[in-house]
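Each chain is listed here by its residues.
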Amino acid sequence: MKRWIPSWKQIYLSGFAIFFLFCASHFLTIINIKREEYNLTHNPIMDNAPPELVLATTALGGLRGFLIDYLWLRVLELRNQGNHYEVIHLYNLIGKLEPRIPEVWILNSSEMAYNISITMPTPHDKWRWVYKGIEHLRDHGLKYNQNSAKLYQQLGFLIFNKLELNSMDVYKDYYQKRWFDIWAELLDDTTDLDVFIQAPQQFQEIKNNGQWQQLLQITKKLNISLAENMKWKDFPKTVHEEIEQNKELLHTWNIFKNYLIQQRINQDLKMDLQRMKEIDNNYCKLDWRLPASHSFYWGEIAFEKMDKSLIKVDSSSLHTHIQILRYNSLKQIFEYGTFLANTDLRIVCTPNFNIVESLDRTYLEVQDLVPELGKENYQDFLEHVIKTCYLYNQKERADKYFQKVKEKFTSPLYTSDLDNFVIREIGRSINFERKHIVENYITIQQRLAYQAILNGMLDHYNGLTRFIYVLHKQYLGRHTDIHLLEIEQPKPLKYFQQAAIQWIKQNLEQRVGQEKAQQVWNNIIKKYPLLNLPSLE
């Protein structure tokens, strides 16, 4: 067989090709810079991409498009069959072949958080898949689509829709507890984010601390290992007595702890502490252990990215969804934004009244950008704020927004004073003409008042007590009749208080036993002597 020998012409041409390819490679950086300048890229150029991603996006060449189309068709077939696990693997493959498609990451996270989680037998397993869906969007989707407003909006919506108190998911209380525990352990009851923002950005700064070597020596004796590559999950959660007694060593220990927390928030949880601080300054100090604060955070970033987004299809709908996410998150923070207690069953929260002004401002912004919300919705919003503030003894705020709603809208309800407005407004849901319905409603409100004082919510108790007093006065005025028999006459306020206290007694005894229930309630009576609370006897 004759051996093939390349001609000089072929050698020259091959050499020229290699030379020009080598020269062209030097222009790649310049070209990428120009693409950024002229906004020709939806996302930053990927540096240090994983090998499998480089292989999938470059080595397959033109075959990549055919393979993606085939995988999409296979996904549709498997989804119709209900085979969610294999769908996830195919979505992962599509994500590696075309990481710039936001819908791939959105659909995959939805499969995890919704379709797979509901098939799990225990709340723990359900939560694992819900959190996997959140991580998938946050850690992978946003990594390759940093300017996609749609992905940020979907991440915020997923957190809000699955974890918040008004979620339709029956396991929302469990999910919220697990989310709360993650952030409570991380923030360690610290409400001032500056502690973490001012922590060293690099480990070398800690290493240069004069006390670092001494701290290492002591921790080594105590079998505590501190290292540069240490993660927050491995850091001891309690301080040893020997370190605690030395102020300088304790200071260095806390610096290292805050550094690890900063790295955990920035690198693992993909949140910017400086941005969190800006939100606190622009709106009010949020409780970052609660899900609504995070859904609002991602909604704010989505709003900022909206102008950069190159998504053309249904962009107006996306814009609407972003605005509604921001408003709903702030509304949730208003209604349940103050942490009260972490019980065995759920997180107990009360309203955060400091957010009201920001919520009002945001509603007006959203209303301007999303006209379909309408003025009637704003009127309902103001009335809701008035009622909530009133029932939590925030009478000054309630009166402020009552004056505001009177200035902006005309209604016969607004001609009365604040007390009668709240009674009439709430009276829409009850029939004042039917005595037994009003009596049941007063009893329920009295139960809520006693439950509030049990939970340490004095303002809520005072607000409900004042409301019950005004409501009972209206009840007496409507149903007192000298021609009725004594048994048919309206009942005194003490009757409803006794009915409510019996319910509290039964509820407490079921939870902690008869003797303990009496002790708990007596402690409440001693703590608030001026309230003249009835005894359980």
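Placed above this text is the structure.
Just so we're clear, the structure is a prediction, and the values are computed from it rather than from any experiment. Position numbers for residues count from 1 along each chain, tracking the sequence in the order it is written. Only residues with pLDDT of 70 or above have their local features reported here, since the model is predicted, and side-chain atom pairs are shown and tallied only from 80 upward, although totals for entire chains, interfaces and linings are computed over all residues. Each side-chain value is worked out from all heavy atoms of the structure, with water and hydrogens disregarded.

## Notes on helix H20 (residues 395-408)
Here is step 1 of the chain: Put simply, DSSP H or I for four residues or longer makes a helix, DSSP E for two residues or longer makes a strand, and each gets a number counted from the N terminus. Residue count minus one, scaled by 1.5 Å, sets the expected span of a helix. A rise of 1.5 Å per residue sets the reference length of H20, with its 14 residues, at 20 Å; its end C-alpha atoms lie 20 Å apart and thus fit the reference within 8%.
Here is step 2 of the chain: The classification of residues rests on relative accessible area computed with a 1.4 Å probe and restricted to protein chains. Under 20% of the type maximum is buried, over 50% is exposed, and intermediate values are partly exposed. Turning to H20, its buried residues are Ala398, Tyr401, Phe402 and Val405. One side of H20 holds all its buried residues, which, seen down the axis, span an arc of 110 degrees. H20 presents Glu396 and Glu407 as exposed residues on the side facing more than 90 degrees away from its buried surface. What the arc measures is the spread of directions leading from the helix axis to the C-beta atoms.

## Here we look at the nonpolar core
Here is step 1 of the chain: Counting residues in each nonpolar core, the largest one holds 119 residues, and the members touching the most others are Phe256 and Trp521.
Here is step 2 of the chain: Discounting residues that sit within four places of it in the chain, Trp521 has contacts with Tyr450, Ile453, Leu454, Ile501, Ile504, Leu533, Pro534, Ser535 and Leu536.
Here is step 3 of the chain: What we call a nonpolar core is a set of buried Ala, Val, Leu, Ile, Met, Phe, Trp, Tyr and Cys residues that are connected through their side-chain atoms within 4.5 Å. Counting 10 residues, the second-largest nonpolar core is a separate cluster that includes Val75, Leu78, Val87 and Ile94. In this description, contact between two residues means that some pair of their heavy atoms is separated by no more than 4.5 Å.

## So, the pairing of strand S2 (residues 347-350)
Here is step 1 of the chain: Alternating positions in S2 separate into two faces, Ile347 and Cys349 on one and Val348 and Thr350 on the other, with burial throughout.
Here is step 2 of the chain: Here, a strand pair is defined by DSSP locating no fewer than two bridges between the strands. Relative to S2, strand S1 (residues 338-342) runs antiparallel, the two being bridged by 4 bridges. What sits directly across from Phe339, in S2, is Cys349.
Here is step 3 of the chain: What sits between the antiparallel neighbours S1 and S2 is a turn of 4 residues.

## Focus: helix H8 (residues 149-163)
Here is step 1 of the chain: Taking 1.5 Å of rise per residue, 15 residues should cover 21 Å, and H8 covers 21 Å from first to last C-alpha, within 8% of that figure.
Here is step 2 of the chain: Most of H8 is tucked away, with 11 of its 15 residues classed as buried.
Here is step 3 of the chain: Along H8, the residues classified as buried are Ala149, Leu151, Tyr152, Gln153, Leu155, Gly156, Leu158, Ile159, Phe160, Lys162 and Leu163.

## Digging into the pattern of salt bridges
Here is step 1 of the chain: By definition here, a salt bridge exists when the distance from a side-chain nitrogen of Lys or Arg to a carboxyl oxygen of Asp or Glu is within 4 Å. With the rule as written, the count across this model stands at 20 salt bridges.
Here is step 2 of the chain: One salt bridge connects Glu86 with Arg74, and the closest N-O pair in it is separated by 3.7 Å. Highlighted residues: Glu86 in helix H5 (residues 84-97) and Arg74 in helix H4 (residues 63-81), separated in sequence by 12 residues.
Here is step 3 of the chain: Judged by its relative accessible area of 30%, Glu86 falls in the partly exposed class.
Here is step 4 of the chain: A salt bridge links Arg289 to Asp287; its shortest N-O distance comes to 2.8 Å. We note that Arg289, like Asp287, is buried.
Here is step 5 of the chain: Members of the salt-bridge network, linked through shared partners, are Glu300, Arg326, Arg361 and Glu365.

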